[in-house]
Amino acid sequence: MEANKIIKNAGWLIGAKIIQSVISLVVSMLTARFLGPSNFGLINYAASIVAFVAPIMYLGFNGILVKEIVAAPEKEGEILGTSITLSFISGIICIAGVISFACIVNAGETVTIVVCALYSILLIFQSLELISYWFQAKLLSKYYSIVSFVAYSIVAVYKVFLLVTQKSVYWFAISNALDYMLISAMLFVIYKKKSGYKLKFSKEVAKAMFAESKYYILSDMMVAIFAQTDKIMLKLMIDDSATGFYSAAVACSSITMFIFTAIIDSMRPSVFENKASDENKYKQSVTVLYSIIIYLSLIQSVFITVFSGVIIRILYGDGYASSIPALRIVVWYTTFSYIGGIRNIWLLAEKKQKYMLFINIFGALLNVVLNFVLIPVLQINGAAIASLATQFFANVILGFIIKPIRDNNKLMIKALNPMILINGMRSFKKNNS
């Protein structure tokens with residue numbers, strides 16, 4: 001029954017995301033061609049700055065909500081209400097921070113400052129979207145999938161309108177907030193009908209959650225640094241066009257990210273439940289998850305490497321040909337990025353999340369240093385190499401160096417056995433039949 005629910009939950013996520021991804025590809029392709037590498041790079045520069053402060057806005061709650069709701073379903077109203085309230089307040093403060101940063105670093109660049117300000121509005125609605133974790137915890141992702149598809153379709157139509165009417169880059173900057181606004185509004189309506197608990201704030205719950213989430217705040221900030229530093233440094237060290245070319249490569253490397261995210265999110269509640277009831281089943285579920293993600297991501301990386309030129313030219317046109325070499329490099333870091341996502345689930349289940357801070361601080365420092373050294377020499381290819389090296393060392397090598405988390409790496413190594421994948425899929429199929 002559990003496997004059946006996981007498969008159906010993942011099926012809803014993947015099915016909706018496939019349609020959503022097709023729409024996204026078309027809109028992104030048209031937008032990138034219309035804006036050109038420079039303005040496209042400017043939008044991605046703003047997105048990177050916002051990504052820097054997103055961990056502060058989330059206050060680490062996005063890393064523990066599923067676990068907290070699974071562990072104490074009778075308190076879900078207080079858990080969600082407290083998380084959303086605090087994140088909303090933090091989001092407003094973060095918007096002020098983004099605008100201040102842009103005014104200082106990009107002094108005199110009026111267009112850049114305005115774009116960053118408009119783009120940062122989405123932080124408010126991202127905080128409200130924390131309610132989506134309740135749907136994950138309850139394996140009710142079909143509702144989230146339907147809602148996100150409807151919202152994204154509406155926003156896609158709006159973006160096509162912007163293209164047809166040839167609106168300025170400002171309109172495209174603020175359009176990103178509409179998606180989160182619609183999703184959060186619709187999810188609140190569904191939650192009210194499906195849950196028997198009202199959302200409310202609790203100081204006691206806030207203290208208890210901060211005790212768990214505090215490790216995630218700085219840790220997630222470090223992740224944002226080594227995930228976004230490359231785009232920001234490319235703009236500051238080269239120009240907006242370099243950021244645009246690199247952003248196109250990164251977008252193509254993550255073209256199927258929704259599949260991996262859906263699989264990981266769908267199996268997350270099961271991992272936590274198994275940890276509480278059956279240690280062997282828990283280890284097996286983590287190993288199977290690793291195996292599925294590793295092999296799927298490797299297949300994706302080989303495919304994109306071989307057809308990188310075709311992919312870039314079809315999606316972005318000949319004007320983005322400079323993105324092709326970077327895509328061939330950066331696509332290989334996706335495997336290690338997904339591995340890190342699974343490791344974080346293991347750390348939370350084992351109550352060892354404090355080690356994420358060390359891992360991510362190391363990754364952030366390494367990424368900044370590598371970008372500083374490689375970008376002047378290799379430009380966007382240097383940024384791609386820096387990202388690949390950082391993900392590999394942070395998500396694989398450090399797992400062998402830090403003794404308390406070596407058990408996780410043992411599960412990861414065990415997952416390389418293809419029979420783990422085959423047996424895991426057979427088990428799911430048997431339970432689903």
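Everything below is about the structure printed above this text.
Rules and cut-offs
- Residues numbered from 1 in each chain as written.
- Predicted model: local features only at pLDDT ≥ 70, side-chain atom pairs only at ≥ 80, totals over all residues.
- Heavy atoms only, no water.
- Helix = DSSP H or I, 4+ residues; strand = E, 2+ residues; numbered from the N terminus.
- Rg over C-alpha atoms; globule rule 2.2 N^0.38 Å.
- Buried < 20%, exposed > 50% of the residue type's maximum accessible area, 1.4 Å probe, protein only.
- Contact = heavy atoms within 4.5 Å.
- Axes fitted to C-alpha atoms, helices over the stretch in contact; angles between N-to-C directions.
- Parallel < 35°, antiparallel > 145°, perpendicular 65-115°, else oblique.
- Left-handed = near helix turned anticlockwise from the far one by under 90°.
- Disulfide = S-S within 2.5 Å.
- Phe/Tyr/Trp six-rings, centres within 6.5 Å; stacked < 30°, edge-to-face > 60°.
- Patch = residues over 30% accessible without salt bridge, like charges linked within 9 Å, V, L, I, M, F, W, Y side chains within 5 Å.
- Areas by Shrake-Rupley, 256 points an atom, 1.4 Å probe, with all protein chains shown as cover.
- Salt bridge = Lys/Arg side-chain N within 4 Å of Asp/Glu carboxyl O.
- Core = buried A, V, L, I, M, F, W, Y, C linked by side-chain atoms within 4.5 Å.
- Expected span 1.5 Å × (residues − 1).

Q: What's the story with the overall build of the protein chain in this structure? I'm lost.
A: Looking only at helices and strands, the protein chain features 19 helices and zero strands. In terms of overall dimensions, the protein chain is globule-like: its C-alpha atoms have a radius of gyration of 21 Å, near the 22 Å expected for 433 residues. Seen through its principal axes, the protein chain has C-alpha atoms that stretch 55 × 45 × 40 Å. Within the protein chain, the fraction of its 433 residues that count as buried is 54%. Taking all contacts inside the protein chain whose residues are at least 6 apart in sequence as the whole, residues at least 24 apart take part in 84%.

Q: What am I meant to see in the packing of helix α11 (residues 257-277) against helix α15 (residues 333-349) here?
A: Helix-helix packing is described using two parameters, namely the angle between the two axes and the distance between the axes. Contact geometry for α11 and α15: axes closest at 10 Å, N-to-C directions at 15 degrees. It follows that α11 is roughly parallel to α15 by the angle criterion. Here α11 runs over α15; the crossing is right-handed. In this structure, α11 contributes M257, F260, I264, R268, V271, F272 and K275 to the contact, and α15 contributes Y338, I342, I345, L348 and A349.

Q: Just to check I follow, could you spell out the state of the cysteines for this structure?
A: Disulfides are covalent bonds that connect the sulfur atoms of two cysteines. Applying the stated rule across the entire model yields zero disulfides. The thiol sulfur of C94 is not disulfide-bonded, and the nearest other cysteine sulfur, from C116, lies at 14 Å. For C94, a relative accessible area of 6% gives the class buried. No disulfide involves C116; its sulfur sits 9.1 Å from that of C103, the nearest cysteine.

Q: It is not clear to me how the packing of aromatic side chains should be interpreted in this structure. Could you clarify?
A: In this structure the tally under the stated criterion is 13 aromatic pairs. Where F34 meets F172, the ring centres are 5.9 Å apart and the plane angle is 40 degrees; that geometry is what we call tilted. Linking F34 in helix α1 (residues 2-58) with F172 in helix α8 (residues 169-194), this pair joins segments that are 138 residues apart in sequence. Note on F34: relative accessible area 33%, which makes it partly exposed. Judged by centre distance (5.4 Å) and plane angle (50 degrees), the ring pair of F61 and F210 falls under tilted.

Q: What is the right way to look at the environment of Y295 in this model?
A: Here Y295 lies in helix α12 (residues 279-306). Given a relative accessible area of 25%, Y295 falls into the partly exposed group. With 40 residues separating them along the chain, Y295 and T335 place their C-alpha atoms 8.7 Å apart. Excluding residues that lie within four positions of it along the chain, Y295 makes contacts with A415, L416, N417, P418 and L421.

Q: Just checking my understanding: could you explain a nonpolar patch on the surface for this structure?
A: Taken together, the side chains of F101, I104, V105, L236, M237, I238, V369, F372 and V373 present a nonpolar region at the surface, about 810 Å² in accessible area. Elements represented by at least two residues in the nonpolar patch include exactly α3 (76-105), α9 (203-237) and α16 (354-378). Among the secondary structure elements, F101 is positioned in helix α3. Take F101: its relative accessible area is 33%, and that puts it in the partly exposed class.

Q: Would you mind going over the nonpolar core with me for this structure?
A: Here is a general trend for soluble globular proteins: nonpolar side chains tend to be buried in one another's company. With 95 residues, the main nonpolar core has I43, L65, L123, V286, Y290 and I293 as its most contacted residues. Of the residues forming this core, the biggest block, 12 residues, is contributed by α1. For L65, the residues in contact, after removing those within four places along its chain, are I79, L80, S83, L130, Y133 and M209. Among the nonpolar cores identified, the runner-up in size contains 27 residues, and Y320, V330, V331 and I375 belong to it.

Q: Help me understand α8 in this model?
A: Since the α-helix turns once every 3.6 residues, residues separated by three or four places project in the same direction. For α8, which comprises 26 residues, the first-to-last C-alpha distance of 40 Å matches the rise-based estimate of 38 Å (1.5 Å per residue) to within 8%. Looking only at α8, the buried set comprises V169, F172, A173, S175, A177, D179, I183, S184, L187, I190 and Y191.

Interpretation note: all reported values are geometric properties and have no functional meaning in isolation.
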